[in-house]
Number of protein chains: 2
Amino acid sequence: MPLIVTGSIGIDHIEAPTGEAKESLGGSSVYFSAAASFFAPVRLVGAVGDDFPNRFIETIESFKGVDTAGLEIRTGSKTFRWHGKYHENMNHRDTLETQLNVLGEALPPIPEAYRDSKYVFLANTHPAGQLALLKEFPDHTLVVADTMDLWIETERPILLDLLKQIDGLVLNDSEATMLTEESNIVNAADAILKLGPKFVVIKKGEHGALLRHADGHAVLPAYPAANVVDPTGAGDSFAGGMMGSLAASGELSLPSLTKAMACGTVVASYLIEAFSLTKLQEIDRATIDARLNEYRAMMTF
Amino acid sequence: MPLIVTGSIGIDHIEAPTGEAKESLGGSSVYFSAAASFFAPVRLVGAVGDDFPNRFIETIESFKGVDTAGLEIRTGSKTFRWHGKYHENMNHRDTLETQLNVLGEALPPIPEAYRDSKYVFLANTHPAGQLALLKEFPDHTLVVADTMDLWIETERPILLDLLKQIDGLVLNDSEATMLTEESNIVNAADAILKLGPKFVVIKKGEHGALLRHADGHAVLPAYPAANVVDPTGAGDSFAGGMMGSLAASGELSLPSLTKAMACGTVVASYLIEAFSLTKLQEIDRATIDARLNEYRAMMTF
C-alpha cells in the first residue's frame with residue numbers, strides 16, 4: 001500500500017562526543033523514508049536548494065523502496081541546514097544554528113501520481129500546513145502526524161482541529177504532558193485519545209515507547225544500544241519503520257501496531273550506530289529481522 | 001527454597017500530591033518481604049524499637065509466606081523513621097528527615113534456623129555490613145545485593161570486594177553510571193559484570209529495567225501505571241518479586257531471570273497504587289498472574 005511522507009530534507013552539521021559530521025545528509029523525511037523503505041515503498045515529498053549535493057540524492061535513491069519523484073530541487077534556493085551538538089551522555093543536545101532556507105518558502109508541489117497515497121505521515125511542521133497536506137490525499141486509509149512543543153504552545157486551536165482529523169499521533173513524553181497537562185504519561189495518552197486520534201504513540205527516547213489504542217496498551221523498551229554514535233533522526237526513523245510496517249501489513253489492530261513499533265525501534269537502533277544514513281545503507285531486511293528476533297527474546301518470559 | 005532478606009523496617013511519613021500518610025509501615029525489607037511472599041517463603045531479619053505498633057507486626061504477618069522469627073523488638077530503642085515528600089510528577093522526591101535510631105545500633109541476631117538460607121538478598125546498607133552478613137549463610141545458592149550512591153562514593157574499595165563475592169547486583173541507572181563511569185547503561189552493565197557479579201539488574205524507575213547476564217540481555221518496560229498514589233518501596237518490591245520468583249524456580253538462567261524481573265515489575269505496579277502495603281494486602285497470586293499475562297501481551301509482536 002503506498003506510503004507518503006512530507007517533511008524536511010537537510011544538510012546537517014553534527015558534533016558529538018563520538019565525532020563530528022559536517023555537510024551530512026539529514027532531515028526528518030529522509031530518515032523516515034530510508035527507515036520505511038525496508039518494509040514498504042515510500043514516496044518522499046520535499047524541497048531542497050540547488051546547493052544540495054548530487055551524492056545525497058544518490059544516497060536517498062540507494063534505498064530501493066524510496067520514490068524521489070516528489071523531491072524538488074529549487075533553483076535559486078538553499079537547502080535547510082541544522083547544526084547541533086550532543087552532550088556527553090548523548091541523550092541531550094543543543095541546536096547551535098538553524099537555517100530554514102527553502103523550508104521557509106512555498107511547499108513543494110505534490111506529484112499527481114501521489115494523490116492515491118493510502119498511508120500518510122505528516123512529519124512535524126505547522127499544523128496548518130499539516131491540515132492543508134491532509135486534503136491532498138482524499139483516499140487515505142491512515143493518517144499519522146508528528147508535532148512538537150512549539151505548535152502545542154503557540155497553535156493549540158489549529159492543532160486540536162488537526163487531531164480530530166487524523167488517525168494517529170506520534171509525539172514525545174514531554175510534549176504529551178504539555179498537550180494534556182497530565183504529568184503521568186499513561187493518563188496523558190488517555191487524554192489524547194479523547195482529543196480525536198484512534199491511537200497515540202508516546203516516544204521516550206532511550207526509554208522506549210508507549211502506545212495507547214482503543215483496544216489497550218503496548219509498551220516497548222528501547223533496544224539496548226551499546227554503540228551510540230549519533231542519535232540524530234532516531235525519532236524519525238522510528239516513525240518510518242512503524243509506518244512502513246503498517247503500510248505493509250495493512251492492519252491497524254493493536255497487535256499490528258505493536259509489531260510496527262518494534263520495527264521502528266529496531267531500525268532506529270541501527271540508525272544511531274553511525275552518522276547520517278551510513279548504518280542503514282549497510283543493512284537489509286534480513287539484518288532487521290534478526291535483531292527483531294533478538295529484541296523479542298529480551299522481553300520473553 | 002528458603003529466601004532471606006535483611007534490611008530496614010521503618011515508620012514512614014509520606015507526603016505526595018495524592019495525599020499524606022503519617023505513621024505508616026515502611027522499610028526496604030518490609031516491602032521486599034511482602035512482595036516476595038507471593039512467590040516463595042521469605043525470612044525477614046530486622047530490628048525495630050519498642051515504639052513499633054503491634055498493628056504493623058500484624059500487617060507483616062498478614063502476608064502468609066513471611067517468617068518474622070528474625071524480627072527483633074529491641075527494648076529501649078526506637079524504630080527507624082523516614083519522612084519524604086514527592087514532587088508533582090511522582091518521579092522525584094525529597095527526604096525531609098531521617099532518624100536512624102535502631103538502624104544505627106548493633107545488627108539484629110540471625111536465628112540459627114535461618115543459617116541454611118539458600119537465596120540471600122543483601123538490602124542496601126554499608127558494604128562492610130553486607131560482607132559480614134554474607135558469611136552468616138555459608139550454604140547459599142544465590143546472593144544478590146542492592147547498593148546506593150553513598151557507598152559507591154565513600155566505600156568503593158570494600159564495595160568492589162563485595163562485588164567479587166556476590167552473584168547479582170541490583171542498582172539504579174545513575175548508580176550504575178557512578179560505579180562504572182560509563183554514561184551508556186548498556187556499557188555500564190557490561191562493566192559491572194567485569195567487577196564480579198554473574199548478572200546485574202539496572203532499575204530505571206518508571207522506565208523499566210535492564211538485565212545483563214552472561215548469556216545476554218533482558219529489557220523490560222515498567223507496567224504502564226495510570227494510578228500512582230505512592231511510589232515508596234517500588235524498587236524494594238521489584239527486588240522482592242524478582243528474588244521470590246528466582247527462589248521459587250530455583251533457576252538462574254537468562255529466561256528465569258527475565259521472568260523474575262517481570263514478576264518484580266508487576267508486584268511493584270500494584271504496590272504504588274496505594275500508600276504503604278495497602279494494595280499488596282488486597283491482592284493474591286492470581287491477581288498478579290492476571291496482570292503478568294496482560295503485561296506480556298503489551299510487549300507481544
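Worth saying up front: this structure is predicted, and the values here are computed from it rather than measured.

1. What about the relation of the copies chain A and chain B?
Overlay of chain A on chain B (RMSD 0.0 Å): rotation 180°, translation along the axis 0.0 Å. Considering both components of the superposition, the chain copies are consistent with a two-fold axis. Taking C-alpha positions as the reference, the residue of chain A nearest the rotation axis is P221(A), at 2.6 Å. Both copies contact each other with a shared surface, as 100% of the interface residues of chain A are interface residues in chain B too.

2. Focus: helix α1 (residues 28–36) of chain A
Summarising burial for α1(A): 9 of the 9 residues are buried, a large majority. Taken together, the buried positions of α1(A) are S28(A), S29(A), V30(A), Y31(A), F32(A), S33(A), A34(A), A35(A) and A36(A).

3. Examining the pairing of strand β5 (residues 66–74) of chain A
Residue and element names in this part refer to chain A. Bridge analysis of strand β4 (residues 42–49) against β5 gives 7 bridges, and the strand direction is parallel. Bridge pairing in β5 places V48 opposite I73. Regarding topology, helix α2 (residues 54–61) serves as the crossover connection from β4 to the parallel β5, and that connection is right-handed.

4. A closer look at the sheet that holds strand β13 (residues 216–220) of chain B
All names here are of chain B. If you walk across this open sheet you meet the 9 strands as β5-β4-β1-β8-β9-β10-β11-β12-β13, and the pairing is mixed. Taken across any chain shown, the strands that pair with only one partner, and hence form the sheet edges, are β5 (66–74) and β13. Each neighbouring strand pair of the sheet contributes to a mean axis angle of 15°, computed without reference to strand direction. Sheet topology note: the strand β11 (residues 199–203)/strand β12 (residues 209–213) ladder contains 5 bridges and is antiparallel.

5. With respect to the pattern of salt bridges
Overall, the coordinates contain 26 salt bridges over all chains when judged by the stated rule. Close ionic contact of D167(A) with K198(A) constitutes a salt bridge, the shortest N to O distance being 2.6 Å. Linking D167(A) in the loop between α5 (156–163) and β10 (168–172) with K198(A) in the loop between α7 (185–194) and β11 (199–203), this pair joins segments that are 31 residues apart in sequence. Taking the shortest distance from any N to any O, the salt bridge between R74(B) and E105(B) comes out at 3.3 Å. You can see R74(B) sitting in strand β5 and its partner E105(B) sitting in the loop between β7 (93–99) and β8 (119–122), a full 31 residues away along the chain. Its relative accessible area of 14% is what places R74(B) among the buried residues.

6. Here's the deal with the interface of chain A and chain B
Contact residues are listed per partner, giving 30 residues for chain A and 30 residues for chain B. Summing the contributions of chain A and of chain B, the shared interface buries around 2,500 Å²; its carbon and sulfur component is 65%. Where chain A packs against chain B, one counts 0 salt bridges. Our enumeration of links across chain A and chain B arrives at 10 residue pairs in polar contact (both at pLDDT 80 or more).

7. Focus on helix α8 (residues 234–249) of chain B
All names here are of chain B. Between its terminal C-alpha atoms α8 stretches 23 Å, which fits the 22 Å expected from 16 residues at 1.5 Å a residue. Of the positions making up α8, those classed as buried are S237, F238, A239, G240, G241, M242, M243, G244, S245, L246 and A247. Once α8 ends, the next one or two residues include G250, with phi positive near 70°.

8. Points about the packing of aromatic side chains
All names here are of chain B. Counted according to the given criterion, the structure contains 10 aromatic pairs over all chains. Summarising the aromatic geometry, the rings of F32 and F121 are spaced 4.5 Å apart at their centres and angled 20° between planes, so their arrangement reads as stacked. Of this pair, F32 sits in helix α1 (residues 28–36) while F121 sits in strand β8, and the two are 89 residues apart along the sequence. Both residues of the pair, F32 and F121, belong to the buried class. Consider the rings of F38 and F63, whose centres lie 6.2 Å apart with planes at 85°: the pair is edge-to-face. Of this pair, F38 sits in the loop between α1 and β4 (42–49) while F63 sits in the loop between α2 (54–61) and β5; the two residues are 25 residues apart in sequence, bridging distant segments of the chain.

9. Here's the deal with the side chain of T6(B)
Residues and elements named next belong to chain B. Locating T6 in the fold gives a position in strand β1 (residues 3–6). Its relative accessible area of 8% is what places T6 among the buried residues. Aside from chain neighbours lying at most four places away, what touches T6 is S29, V45, F121, L122, A123 and L133.

10. With respect to the confidence of the model for chain A
The predicted coordinates of low-pLDDT regions are not to be read in fine detail. Of the residues in chain A, 100% have a pLDDT of 70 or more, and the chain-wide mean is 96. Scoring the predicted complex yields pTM 0.94 and, for the interface, ipTM 0.93.

11. A closer look at the packing of helix α6 (residues 173–180) of chain A against α7(A)
Residue and element names in this part refer to chain A. Contact geometry of α6 with α7 gives a least axis separation of 9 Å together with a crossing angle of 60°. As far as their axial angle goes, α7 and α6 are oblique. The two elements α6 and α7 meet at a crossing, and its hand is left-handed. For the pair α6 and α7, the contacting residues are D173, A176, L179 and T180 in the first and I185, A188, A191 and I192 in the second. A class-by-class count of the residues in the contact of α6 with α7 yields 6 nonpolar, 1 polar and 1 charged.

12. Focus: the sheet that holds strand β3 (residues 19–26) of chain A
The strands that make up a sheet pair up through hydrogen bonds in the backbone, lying either parallel or antiparallel. Residue and element names in this part refer to chain A. The 4 strands are arranged β3-β2-β6-β7 in an open sheet whose pairing can be described as mixed. One side of each edge strand has no neighbouring strand; the edge strands of this open sheet are β3 and β7 (93–99). Here the average twist between neighbouring strands, direction ignored, is 15°. Across 6 bridges, the pairing between strand β2 (residues 10–16) and β3 is antiparallel.

13. Quick word on unusual backbone geometry
All names here are of chain A. Unusually for a residue other than glycine, E181 sits at a positive phi of about 60°. With respect to the element layout, E181 can be found in the loop between α6 and α7. By relative accessible area, which is 71% here, E181 ends up exposed. Phi is positive for S276, close to 50°, though the residue is something other than glycine. By the secondary structure assignment, S276 is in the loop between α9 (254–271) and α10 (278–282). S276 gets classed as buried once you look at its relative accessible area, which sits at 11%.

Scoring rules and cut-offs
Residues numbered from 1 in each chain as written. Chains lettered and ligands numbered in written order. Predicted model: local features only at pLDDT ≥ 70, side-chain atom pairs only at ≥ 80, totals over all residues. Heavy atoms only, no water. Least-squares fit on C-alpha atoms with pLDDT ≥ 70 in both. Contact = heavy atoms within 4.5 Å. Buried < 20%, exposed > 50% of the residue type's maximum accessible area, 1.4 Å probe, protein only. Helix = DSSP H or I, 4+ residues; strand = E, 2+ residues; numbered from the N terminus. Pairing = 2+ DSSP bridges. Right-handed = clockwise from strand over helix to strand, strands pointing away. Axes fitted to C-alpha atoms, helices over the stretch in contact; angles between N-to-C directions. Salt bridge = Lys/Arg side-chain N within 4 Å of Asp/Glu carboxyl O. Buried area = accessible area lost by both parts, 1.4 Å probe. Polar contact = N/O pair within 3.5 Å; in protein donor to acceptor, adjacent residues only side chain to side chain. Expected span 1.5 Å × (residues − 1). Phe/Tyr/Trp six-rings, centres within 6.5 Å; stacked < 30°, edge-to-face > 60°. pLDDT = per-residue confidence, 0-100. Parallel < 35°, antiparallel > 145°, perpendicular 65-115°, else oblique. Left-handed = near helix turned anticlockwise from the far one by under 90°. Nonpolar A, V, L, I, M, F, W, Y, C, P; charged D, E, K, R; others polar.

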